[in-house]
Amino acid sequence: MLDFFISPAMAQDAGAAGGGIAQIVMLVGFVLIFYFLLWRPQSKRAKQHRELVGGLSKGDEVVIGGGLVGRITKVGDEFLTLEIAENTEVNVQKNAVANVLPKGTIKSI
């Protein structure tokens, strides 16, 4: 009834199954692309962040993920205390630290 939408060549059987190896090669290619473009760079960034968080010590000047800048006054296992102004301290998770600033960056604290 709707035969005019399907061309007779497309409706025929695909023939021999010679495309099996091509599909495997394409699948392996996609896996390699996924690995080199997504997974490997992300794992490198995660490793660098773990090293950054592991190396934090009292007196370091840091920026946390929300943009808050402060000097570390106390370091615990999971949390650290930041002095963000004179006599103003906040507790933040260590994983919130985005970057360590060079010493002397914060002058007003």
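Computed from a predicted structure; not experimentally measured.

Asks: In this structure, what is going on with the sheet that holds strand β3 (residues 79-85)? I would like to understand it.
Replies: Hydrogen bonding along the main chain pairs the strands of a sheet, whether they run parallel or antiparallel. Spatially, β4-β3-β2-β1-β5 is the arrangement adopted by the five strands of the open sheet, whose pairing is antiparallel. Edge positions in the open sheet fall to β4 (88-93) and β5 (97-101), since each of these has one partner strand only. Mean inter-strand twist for the sheet, computed between neighbouring axes without regard to direction, equals 45°. For strand β1 (residues 61-64) and strand β2 (residues 69-75), the ladder comprises three bridges, and the chain directions are antiparallel. Its bridge partner being in β2, Glu 61 is matched across the sheet by Arg 71.

Asks: What is the right way to look at the confidence of the model for the protein chain in this model?
Replies: Low-confidence regions, as indicated by low pLDDT, have predicted coordinates that should not be scrutinised in detail. Per-residue confidence for the protein chain gives a mean pLDDT of 86; residues scoring 70 or more make up 82%. Confidence scores differ between elements of the protein chain, with helix α1 (residues 8-11) showing the lowest mean pLDDT of 54 and β4 the highest of 96.

Each value, and the rule that gives it
- Residues numbered from 1 in each chain as written.
- Predicted model: local features only at pLDDT ≥ 70, side-chain atom pairs only at ≥ 80, totals over all residues.
- Heavy atoms only, no water.
- Pairing = 2+ DSSP bridges.
- Helix = DSSP H or I, 4+ residues; strand = E, 2+ residues; numbered from the N terminus.
- Axes fitted to C-alpha atoms, helices over the stretch in contact; angles between N-to-C directions.
- pLDDT = per-residue confidence, 0-100.

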